[in-house]
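Here is what each chain is made of, one letter per residue.
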Amino acid sequence: QQQVKQSPQSLIVQKGGISIINCAYENTAFDYFPWYQQFPGKGPALLIAIRPDVSEKKEGRFTISFNKSAKQFSLHIMDSQPGDSATYFCAASMLTSGSRLTFGEGTQLTVNP
Amino acid sequence: GAVVSQHPSWVICKSGTSVKIECRSLDFQATTMFWYRQFPKQSLMLMATSNEGSKATYEQGVEKDKFLINHASLTLSTLTVTSAHPEDSSFYICSTRSGTSGRLSSTDTQYFGPGTRLTVL
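Remember, predicted model here, so these are calculated numbers, not experimental data. (Residues numbered from 1 in each chain as written. Chains lettered and ligands numbered in written order. Predicted model: local features only at pLDDT ≥ 70, side-chain atom pairs only at ≥ 80, totals over all residues. Heavy atoms only, no water.)

Re the confidence of the model for chain B
Next, step 1: Confidence along chain B averages 89 in pLDDT terms, with 90% of residues attaining 70 or more.
Next, step 2: Ranking the helices and strands of chain B by mean pLDDT puts strand β11 (residues 116–120) of chain B first, with 97, and strand β10 (residues 110–112) of chain B last, with 88. (pLDDT = per-residue confidence, 0-100. Helix = DSSP H or I, 4+ residues; strand = E, 2+ residues; numbered from the N terminus.)

Right, here's the structure in full:
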């Protein structure tokens, strides 16, 4: 299976709150899991990425939690700000497939002031 | 991260014409580039993998004769939509793999261009 399932489809959070987006995958050969942020009319921008040899990675307000046994990973945005309002995509790839990315369906995040 | 540009940023054309979209890697030599298509409020769908100096590899269901890809140099890949139709209207985005050699690495990542909005009338 090459699919990556992402939830929720949309998320509304108050300023200062925590935004949590979840992804699940089937193919255990995936070895790279990036998160991308996309604003309307723009290309996706790499936010943070993790490899399966670690369970958590934090960069500023953004944290990825990775559960290899459950084949799940999630993005946590701490102290969410209105400027974080965007569409977030999780993705997965494997070295043996030329690092081609398989994207989740996307989550539209709205952070209310 | 790598800097990727696309040109044009938007284009409107008549049905039946061909449109060329350029993707440039501005700050490193990219042996591999990827082309994606994104419909409104949908995810990115990989169309093809572009390799410098060789034929592109197309994903299942993508017509290679309709979407012509040329990767003639380490900094430029082009996507030509031939005989465009209204259903080809979409947001086309390219990306480059950060690896500078032909050998894949577990540290490779993809950096995306700003996208090209194609509208076919």
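More follows now that the structure is in view.
A word on the state of the cysteines
Next, step 1: Per the counting criterion, the structure on display carries 2 disulfides over all chains.
Next, step 2: Between A:Cys23 and A:Cys90 runs a disulfide, and the two sulfur atoms are separated by 1.9 Å. As the torsion about the S-S bond is roughly -95°, the A:Cys23-A:Cys90 disulfide counts as left-handed. Here A:Cys90 lies in strand β9 (residues 86–92) and A:Cys23 lies in strand β3 (residues 19–25), a separation of 67 residues in the sequence. Each member of the pair, A:Cys23 as well as A:Cys90, is classed as buried.
Next, step 3: Linked covalently through their sulfurs, B:Cys23 and B:Cys94 form a disulfide whose S-S length is 2.0 Å. (Disulfide = S-S within 2.5 Å. Buried < 20%, exposed > 50% of the residue type's maximum accessible area, 1.4 Å probe, protein only.)

Some words on the sheet that holds strand β1 (residues 4–7) of chain B
Think of a sheet as strands paired side by side through backbone hydrogen bonds, with each pair either parallel or antiparallel.
Residue and element names in this part refer to chain B.
Next, step 1: Spatially, β1-β3-β8-β7 is the arrangement adopted by the 4 strands of the open sheet, whose pairing is antiparallel. Looking along the sheet, the strands with just one partner apiece sit at the ends: β1 and β7 (67–73). In this sheet, neighbouring strand axes are inclined to one another by 15° on average, regardless of whether the strands run parallel or antiparallel. (Pairing = 2+ DSSP bridges. Axes fitted to C-alpha atoms, helices over the stretch in contact; angles between N-to-C directions.)

A look at the nonpolar core
Next, step 1: Counting residues in each nonpolar core, the largest one holds 25 residues, and the members touching the most others are A:Phe33, A:Trp35, A:Phe73, A:Leu75 and A:Tyr88.
Next, step 2: Listed by contribution, the elements that provide at least two residues to this core are β2 (10–14), β3, β4 (33–38), β5 (45–50), β7 (62–67), β8 (72–77), β9 and β11 (107–112) of chain A.
Next, step 3: The greatest single-element share of this core, amounting to 4 residues, is contributed by β9(A).
Next, step 4: Of all hydrophobic cores here, the second largest spans 24 residues; its members include B:Trp35, B:Ala56, B:Leu79 and B:Ala84. (Core = buried A, V, L, I, M, F, W, Y, C linked by side-chain atoms within 4.5 Å.)

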